[in-house]
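An overview of the molecular structure
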Amino acid sequence: QVGNTSVTVVDKFLLYSISTSSGRVNEGQSFTTSIATTNVPRNTRLYYSLSGNGITSNDFSGGYLLGSGAVDSNGKFSFSHIPANDLKTEGNETVKIKLFSDAARRNQVGNTPSVTIVDTSKQPTWKITTSKNNLNEGDFFTFDIKPSNLSQNQTVYWSIVGENINPNDFVH
């Protein structure tokens, strides 16, 4: 005897949403990336990467550009990064956060938010003053170098140059 059988197939779409706590942060200021999923089983491990033009591990405190996290019972997980306050003038940089379903990071899922890292470093400057502007041979003078925007204990190199100036012109 032949009977009728019906089968219902329920196709659950897996949804991934990635957001950041800010789209723009200063060097040294933390930002958090939040992952929200729909229909992704609890404890599923997802993998992320941070990338962008000129972005290296030196751009972040801790240096981590790759990581992973497990989805909780609410389908969420988050992670934080702190752009390094490296005192290097590089200009603003944009980091892109990508999420993957595999450890090899070949199968990207979700959107790709970006965060602009504002370069708060300033170019070093120096103010140089002398005790005398005009000298005669045998005169004594001093000069003072006052640097700005240098890291602590950074060495400053200097030299005295000019027309017909050589080391024999000075007594140490």
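Data block above holds the structure.
Nothing here was measured: the structure is a model prediction, and the numbers come from that model.

Reading the values: rules and limits
- Residues numbered from 1 in each chain as written.
- Predicted model: local features only at pLDDT ≥ 70, side-chain atom pairs only at ≥ 80, totals over all residues.
- Heavy atoms only, no water.
- Helix = DSSP H or I, 4+ residues; strand = E, 2+ residues; numbered from the N terminus.
- Rg over C-alpha atoms; globule rule 2.2 N^0.38 Å.
- Buried < 20%, exposed > 50% of the residue type's maximum accessible area, 1.4 Å probe, protein only.
- Core = buried A, V, L, I, M, F, W, Y, C linked by side-chain atoms within 4.5 Å.
- Contact = heavy atoms within 4.5 Å.
- Patch = residues over 30% accessible without salt bridge, like charges linked within 9 Å, V, L, I, M, F, W, Y side chains within 5 Å.
- Areas by Shrake-Rupley, 256 points an atom, 1.4 Å probe, with all protein chains shown as cover.
- Salt bridge = Lys/Arg side-chain N within 4 Å of Asp/Glu carboxyl O.
- Pairing = 2+ DSSP bridges.
- Axes fitted to C-alpha atoms, helices over the stretch in contact; angles between N-to-C directions.
- Lys, Arg positive; Asp, Glu negative; His and termini not counted.

Comments concerning the overall build of the chain
The helix and strand inventory of the chain stands at zero helices and eleven strands. Secondary structure elements of the chain, listed N to C terminal, follow the sequence β-β-β-β-β-β-β-β-β-β-β. Relative to the globule expectation of 16 Å for 172 residues, the C-alpha radius of gyration of the chain, 29 Å, shows a markedly less compact shape. Taken along its principal axes, the extent of the C-alpha atoms in the chain is 125 × 25 × 20 Å. By residue count, 23% of the 172 residues in the chain fall in the buried class.

Some details on the nonpolar core
Among the nonpolar cores identified, the biggest contains 21 residues, and Phe 31, Leu 50, Phe 60, Val 95 and Leu 99 are the most heavily contacted of them. When neighbours within four sequence positions are excluded, Phe 31 is seen to be in contact with Ser 21, Val 25, Leu 50, Phe 60, Phe 79, Ser 80, His 81, Pro 83, Val 95, Ile 97 and Val 115.

What to know about the environment of Ser 49
Within the fold, Ser 49 resides in strand 4 (residues 45-51). The class for Ser 49 is buried, based on a relative accessible area of 10%. Once the C-alpha coordinates of Ser 49 and Ile 160 are considered, the two residues, 111 residues apart in sequence, prove to be 49 Å apart. With near-sequence residues (within four places) excluded, Ser 49 lies in contact with Leu 65, Leu 66, Lys 96, Ile 97, Lys 98, Phe 100 and Arg 105.

A closer look at unusual backbone geometry
Residues other than glycine predominantly adopt negative phi, and peptide bonds predominantly adopt the trans conformation. Of note, the phi angle at Asn 43 is positive, near 70°, even though the residue is not glycine. By secondary structure assignment, the location of Asn 43 is in the loop between strand 3 (31-38) and strand 4.

Describing a nonpolar patch on the surface
A grouping of Trp 126, Ile 128, Phe 143, Trp 158, Ile 160 and Ile 165 is seen on the molecular surface, where their side chains present a nonpolar patch of about 610 Å² in accessible area. Note that Phe 143 resides in strand 11 (residues 143-148). Under the relative-accessibility criterion, Phe 143 is labelled partly exposed at 31%.

Focus on the environment of Asn 74
Following the sequence through the fold, Asn 74 ends up in the loop between strand 5 (66-70) and strand 6 (76-81). For the pair Asn 74 and Val 95, spaced 21 residues apart in sequence, the C-alpha separation works out to 27 Å.

Observations concerning the sheet that holds strand 6
The strand order 1-3-6 describes an open sheet built from three strands, whose pairing is antiparallel. At either margin of the open sheet sits one strand with a lone partner, and together these are strand 1 (15-20) and strand 6. Direction aside, neighbouring strands of the sheet carry axes that sit 15° apart on average. Across six bridges, strand 3 lies against strand 6 in antiparallel orientation. Residue pairing across strands places Ile 35 opposite Phe 77, the latter belonging to strand 6.

Digging into the side chain of Glu 27
Of note, Glu 27 is situated in the loop between strand 2 (24-26) and strand 3. Lys 88 provides the closest opposite charge to the buried, salt-bridge-free Glu 27, at an N-O distance of 9.4 Å. In this view, Glu 27 contacts Pro 83, Ala 84, Asn 85, Asp 86, Lys 88, Glu 90, Ile 117, Val 118, Asp 119, Thr 120 and Ser 121; residues no more than four positions away in its chain are not counted.

Some points on the pattern of salt bridges
Considering all chains together, one arrives at one salt bridge under this definition. The closest approach of N and O atoms between Lys 146 and Asp 144, which form a salt bridge, is 3.8 Å.

What about the pairing of strand 4?
Of all seven residues in strand 4, five are buried, a share of seventy percent or more. Relative to strand 5, strand 4 runs antiparallel, the two sharing five bridges. Bridged to Ser 49 within strand 5 is Leu 66. Both strand 4 and strand 7 (residues 93-100) contribute to a ladder of five bridges, which runs antiparallel. If you follow Ser 51 over to strand 7, its bridge partner there is Lys 96.

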